[in-house]
Amino acid sequence: MLQLFKNMKQIINLMKEVDFKQLVEISEKIDLAKIMKSVGELNDAQLNGLTKMLTEKAKKGQHKLPPIDGDFYDYDLKLTQEQRNIQLKVRNFMETEVEPIANTYWNRAEFPMEIIPKLAKLNICGVAYEGYDCPNLPFVMEGIIAEEIARVDVSISTFFGVHSGLAMGSIYLCGSEEQKQEWLPKMQRLEAIGAFGLTEPNVGSGAAGGLETTCRKEGDHWIINGQKKWIGNATFSDVTIIWAREIKTDQVKGFLVRKGNPGFKAEKIENKMALRTVQNALITLTDCRVPEQDRLQKANSFRDTAKVLRMTRAGVAWQAMGCARGAYESALKYTKKREQFGKPIAKFQLIQDHLVEMLANLTAMKAMVYRLSELQDQGLLTDEHASLAKVFCSMRTRDVVSRAREVLGGNGILLEYDVARFVADAEAIYSYEGTKEINSLIVGRAITGYSAFV
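Reading guide: rules and limits
Residue positions are given per chain, counting from 1 as you read along its sequence in written order. Where totals are concerned, whole chains, interfaces and linings use all residues; where local detail is concerned, this predicted model gives features only for residues with pLDDT of at least 70, and gives and counts side-chain atom pairs only at 80 or more. Processing note: side-chain calculations cover all non-hydrogen atoms of the structure and skip hydrogens and water entirely. Helix numbers and strand numbers start at the N terminus; a helix is a DSSP run of H or I with at least 4 residues, a strand a run of E with at least 2. Note on contacts: a residue pair is in contact if any heavy atoms of the two residues lie within 4.5 Å. Note that accessible areas follow from Shrake-Rupley with a 1.4 Å probe, and for residues the cover is restricted to the protein chains shown. Whenever a helix is involved, its axis is fitted only over the stretch in contact; in every case the axis is a line through C-alpha atoms, and angles between N-to-C directions fall within 0 to 180 degrees. Note that Gly is not counted as nonpolar here; it falls among the polar residues with everything else outside the nonpolar set of Ala, Val, Leu, Ile, Met, Phe, Trp, Tyr, Cys and Pro and the charged set of Asp, Glu, Lys and Arg. By definition in this entry, angles of less than 35 degrees are roughly parallel, angles greater than 145 are roughly antiparallel, angles of 65 to 115 are roughly perpendicular, and the rest are oblique. In a left-handed crossing the near helix is turned counterclockwise from the far helix by less than a right angle, and in a right-handed crossing that turn is clockwise. Under the scheme applied here, a residue whose accessible area is under 20% of the maximum for its type counts as buried, over 50% as exposed, and between as partly exposed, the area being computed with a 1.4 Å probe on protein chains only. Put simply, buried Ala, Val, Leu, Ile, Met, Phe, Trp, Tyr and Cys residues joined by side-chain atoms within 4.5 Å make one nonpolar core. Within the patch definition used here, like charges are joined within 9 Å and nonpolar side chains (Val, Leu, Ile, Met, Phe, Trp, Tyr) within 5 Å, considering only residues with over 30% relative accessible area and no salt bridge. Criterion for a salt bridge: a side-chain nitrogen of Lys or Arg within 4 Å of a carboxyl oxygen of Asp or Glu. Per-residue confidence from the prediction method is given by pLDDT, with values spanning 0 to 100. Any two strands between which DSSP finds at least two bridges are classified as paired. The pairing test for Phe, Tyr and Trp rings, Trp by its six-membered ring, is centres within 6.5 Å, and the orientation test on the planes gives stacked under 30 degrees, edge-to-face over 60, and tilted for anything in between. For a helix, the expected span equals 1.5 Å multiplied by the residue count minus one. What is called the bend at a residue is the angle between a pair of axes, fitted to the seven residues leading up to and ending at it and to the seven starting from it.

Draft legend 1. Local environment of the overall build of the chain. Of regular secondary structure, the chain possesses 15 helices and nine strands. Look at the contacts in the chain between residues 6 or more apart in sequence, and 74% of them connect residues 24 or more apart. Roughly 23300 Å² of accessible area belongs to the chain as shown, and the carbon and sulfur atoms make up 54% of that amount.

Here's what the structure looks like:
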């Protein structure tokens, strides 16, 4: 009974101090019941920290700092409200569902399979495709999505690009209507995961004319033999696009190789220093029999393979820019908190010089990739357009992540600050979807009229 009276006295005293008018105004903006429940679950240390944060007065000379935002020229203003909503939905997903676990899975070289159903709810796979339950939005939105995912985790961006871009894109551009109807809707919902097998142990840049993986027709089946390397998602994919050279005609063919197909073996590649969350595989095909109905009916030469690569290379440029943005924003955030000689290092001239160089690179990349996607939406995209963006963005990303690591000093090599992961992952972006040298030769051929390919 005594405790009851004490509680009532405390409540009465509390009511005297509460501004009920202000309380009503606050309740119209936030869910007070939910807030009270959350506060009630805090321990003493957490409550003390919250009280200190709410009551501590600003230090003398301290002022409100600008937000951390890599979109310095406000390209987001070019988006429609619908597009902006999709962008923010993806950003929220990445920051709440992926960012807290990104370093853990990267360090363990494992993929967070639990995020796939959550990712599916965003309805962003095959975002630029028409029909087959796909959103049919501009290619600019495909780029925006790639940027937003890579801004938090390049590995998840790579998983998404392989599935939604390379695998779904191969079926969308080169598949028969029956193949599209069978695979694209369930891949759009992430009920089936795709992989893309082009690169080989001995053949990377030379895929156009030197695939060692072969195929031959035998009755109503094709027999495929060879190996593929660095194939993302292939350890758990439901369908893997395999490109092989037909022995009889020397032309490149594409095949839908289903999970569990006899003669198909995928082994996880271990000990990577980049994109550790991505499950890359070494694929061995030994007399792998694929029915004619699973041959991509509109893929009859490497020109058809190149159509897929041209369509997705723009996304890789966006991804590079997203990686750079993540590193820049992580570094900027760090400089505002990290103190040396009694003040935040963001006040130092040399630190600001690094940050401005990073932002300049980032802004130049954003201008390039945005225009690249506009050309794609207008049907004007060429190989050299995509290649120039891949060359420039992958090089500038290297520079940005290097400066981010410089700004963090010794802490730049620790995963907990994220920059170390961006530094490592930038190296993978630099190499895949065409090396700097190969893409440079594509652009060089376009501007000089002479081919320097051997």
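Draft legend 2. Expanded view of the packing of helix H7 (residues 139-152) against helix H8 (residues 154-174). It is the contact of H7 with H8, at a shortest axis distance of 6 Å, that shows an interaxial angle of 145°. Taking contact as the criterion, the partners of Ile145, Ala146, Ile149, Ala150 and Val152 in H7 are, on H8, Val154, Ile156, Ser157 and Phe160. Across the contact of H7 with H8, the residue classes tally to eight nonpolar, one polar and no charged.

Draft legend 3. Structural context of the packing of helix H5 (residues 81-108) against helix H14 (residues 419-431). Following both chains from N to C, one finds H5 and H14 inclined at 55°, their axes separated by 11 Å at the closest point. On the basis of the axis angle, H5 is oblique to H14. Crossing handedness for the pair H5 and H14: left-handed. In contact with Ala102, Asn103 and Trp106 of H5, H14 contributes Arg421, Ala424 and Asp425.

Draft legend 4. Summary view of the environment of Ile442. Inspection of the secondary structure assignment puts Ile442 in helix H15 (residues 436-448). The buried category is assigned to Ile442, whose relative accessible area is 12%. Along the chain, Ile442 and Ala452 lie ten residues apart, while their C-alpha atoms are 8.8 Å from each other. Residue contacts for Ile442: discarding those within four places in its chain leaves Arg313, Asp383, Glu384, Ser387 and Phe453.

Draft legend 5. Structural detail: the nonpolar core. Counting 103 residues, the largest nonpolar core has Phe159 and Trp243 as the members making the most contacts within it. The element that contributes the greatest number of residues to this core is helix H11 (residues 302-337), accounting for 18 residues. Those residues in contact with Phe159 that sit more than four places away from it in its chain are Phe111, Ile116, Leu119, Leu190, Ile193, Asn233 and Phe236. Cys215, Ile242, Ala244 and Ala281 belong to the second largest nonpolar core, which has 16 residues in total.

Draft legend 6. Up close: a nonpolar patch on the surface. Taken together, the side chains of Ile26, Ile30 and Ile35 present a nonpolar region at the surface, about 230 Å² in accessible area. The topology assignment puts Ile35 in helix H3 (residues 32-40). Given the relative accessible area of 40%, Ile35 is considered partly exposed.

Draft legend 7. Looking closely at the side chain of Asn411. Tracing the sequence through the fold places Asn411 in the loop between helix H13 (383-408) and H14. When its relative accessible area of 18% is taken as the criterion, Asn411 is described as buried. Ignoring sequence-local partners within four residues, the contact set of Asn411 consists of Tyr334, Arg338 and Tyr417.

Draft legend 8. Molecular detail of the confidence of the model for the chain. Averaged over all residues, the pLDDT of the chain is 90; the fraction at 70 or higher stands at 89%. The least confident element of the chain, judged by mean pLDDT, is helix H1 (residues 2-17) at 55; the most confident is helix H9 (residues 177-188) at 98.

Draft legend 9. Quick look at the pairing of strand E3 (residues 221-232). Taken together, the five bridges between strand E2 (residues 214-218) and E3 define a ladder with antiparallel strand orientation. Looking at the pairing, Arg216 lines up with Ile223 of E3. Counting the residues in the hairpin turn of E2 and E3 gives two residues, including Gly219, whose phi is positive at 70°. With nine bridges joining them, E3 and strand E7 (residues 280-291) adopt antiparallel strand pairing. Bridge pairing links Ile231 to Ala281 in E7.

Draft legend 10. Examining the pattern of salt bridges more closely. Overall, the coordinates contain 29 salt bridges when judged by the stated rule. Close ionic contact of Asp250 with Arg245 constitutes a salt bridge, the shortest N to O distance being 3.0 Å. The partly exposed category is assigned to Arg245, whose relative accessible area is 22%. One salt-bridge network, in which partners are shared between bridges, spans Asp69, Arg91, Glu95, Glu147, Glu148, Arg151, Arg325, Glu329 and Lys366.

Draft legend 11. Spotlight on the packing of aromatic side chains. For the structure on display, the rule yields twelve aromatic pairs. With centroids separated by 4.7 Å and ring planes inclined at 50°, the aromatic side chains of Phe111 and Phe159 adopt a geometry described as tilted. Separated by 48 residues along the polypeptide, Phe111 in the loop between H5 and helix H6 (115-120) and Phe159 in helix H8 bring together distant segments of the chain. Each member of the pair Phe111 and Phe159 is classed as buried.

Draft legend 12. Layout of H5. The end-to-end C-alpha separation of H5 is 39 Å, in line with the 40 Å expected for 28 residues at 1.5 Å each. Burial in H5 covers these residues: Gln83, Ile86, Gln87, Val90, Arg91, Phe93, Met94, Val98, Ala102, Asn103, Tyr105 and Trp106. Elements in contact with the buried residues of H5: H6, H7, H8, H11 and H14. Just downstream of H5 lies Ala109, where phi reads positive at about 55°.

Draft legend 13. Structural context of H11. The end-to-end C-alpha distance of H11, which contains 36 residues, comes to 52 Å, matching closely the 52 Å that a straight helix rising 1.5 Å per residue would cover. Along its length, H11 reaches its greatest deviation from straightness, about 30°, at Thr312. Of all 36 residues that make up H11, 30 are buried, and the element is covered over most of its length.

Draft legend 14. Here's a closer look at unusual backbone geometry. Even without being a glycine, Asn271 presents a positive backbone phi close to 60°. With respect to the helices and strands, the residue Asn271 is situated in the loop between strand E6 (264-268) and E7. The backbone phi angle of Phe341 is positive, close to 55°, even though this residue is not glycine. Its place among the elements puts Phe341 in the loop between strand E8 (339-340) and strand E9 (343-344). On the basis of relative accessible area, Phe341 is assigned to the exposed category, the value being 77%.

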